[in-house]
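Topology and contacts: notes
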Amino acid sequence: MEELFVYSLLYDVGYEKVNEYEETLNRLFLNNPEDRNLLDLEGMAFKDAMFHLRHLINVLSFDTMEFGKQLMSKIKPLYDGNNIADFGKAMYRLWTLLPEKIKLEEPFYILSYADDCLGYGDEKQCRELYENALNYYD
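Remember, it's a predicted structure, so these values are computed and weren't measured experimentally.

A few points about the nonpolar core
Membership of the largest hydrophobic core comes to 49 residues, with the highest contact counts inside it found for Tyr-21 and Phe-67. Mapped onto this core, the elements with two or more residues apiece are helix 1 (2-12), helix 2 (18-31), helix 3 (36-42), helix 4 (46-59), helix 5 (64-80), helix 6 (84-97), helix 8 (110-113) and helix 9 (123-134). Excluding anything up to four places from it in sequence, Phe-67 contacts Glu-2, Phe-5, Val-6, Leu-9, Ile-57, Phe-62, Leu-98, Ile-102 and Phe-108.

Now the structure itself:
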């Protein structure tokens, strides 16, 4: 479920990954056909599934280490391919959507403040902070 949670967060901040989500959901469901949550998601349209996952991330227990690995691996390409200011706004928004229980843990907390450095023209420090978060699980 951790990877599916990542897709719902990315969707909420403007990065739609429909094909990747569907491939992941199908793979997970084939491996766990008895999982009621996966079965429910299989029957939902993409947008409905994204909203449902936003609910599930706040009520289900999940592996935060696996979630973090999945999240950072999915946002690394976004970091490389976007304007740093736009990326920073999206990452702050993503951080606000995280469950309260992990918001203040590293590397997630970095997403809340890394772009602050841009306010005083320090893009280098901003990039270092993001790169620390993105490489946290390497």
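Topic: the state of the cysteines
Overall, the coordinates contain zero disulfides when judged by the stated rule. Cys-117 takes part in no disulfide bond, and the closest cysteine sulfur to it belongs to Cys-126, at a distance of 5.7 Å. You can call Cys-126 buried: its relative accessible area is 0%.

With respect to the environment of Met-50
With respect to the helices, strands and loops of the structure, Met-50 is situated in helix 4. On the accessibility criterion, Met-50 (0% relative accessible area) is buried. Beyond its immediate stretch of four places on either side in the chain, Met-50 contacts Tyr-7, Ser-8, Tyr-11 and Tyr-21.

Regarding the side chain of Arg-54
Relative to the helices and strands, Arg-54 is located in helix 4. Overall, Arg-54 belongs to the buried group, its relative accessible area being 13%. Excluding residues within four positions of it along the chain, Arg-54 makes contact with Ser-8, Leu-9, Asp-12 and Leu-97.

Conventions and cut-offs
- Residue indices begin from 1 for each chain and proceed along its sequence in written order.
- Residues qualify for local features only when their pLDDT is at least 70, as the model is predicted, and side-chain atom pairs are given and counted only at 80 or more; totals for whole chains, interfaces and linings, by contrast, use all residues.
- By convention in this description, side-chain values take in all heavy atoms of the structure and omit both hydrogens and water.
- Buried Ala, Val, Leu, Ile, Met, Phe, Trp, Tyr and Cys residues that are joined via side-chain atoms within 4.5 Å together make up what is termed a nonpolar core.
- Only protein chains enter the calculation, and the probe is 1.4 Å; a residue is then buried if its accessible area is under 20% of its type maximum, exposed if over 50%, and partly exposed in between.
- What counts as a helix is a DSSP run of H or I of at least four residues, what counts as a strand is a run of E of at least two, and both are numbered from the N terminus.
- We call two residues contacting when some pair of their heavy atoms lies within 4.5 Å.
- The disulfide criterion is simple: two cysteine sulfur atoms within 2.5 Å.

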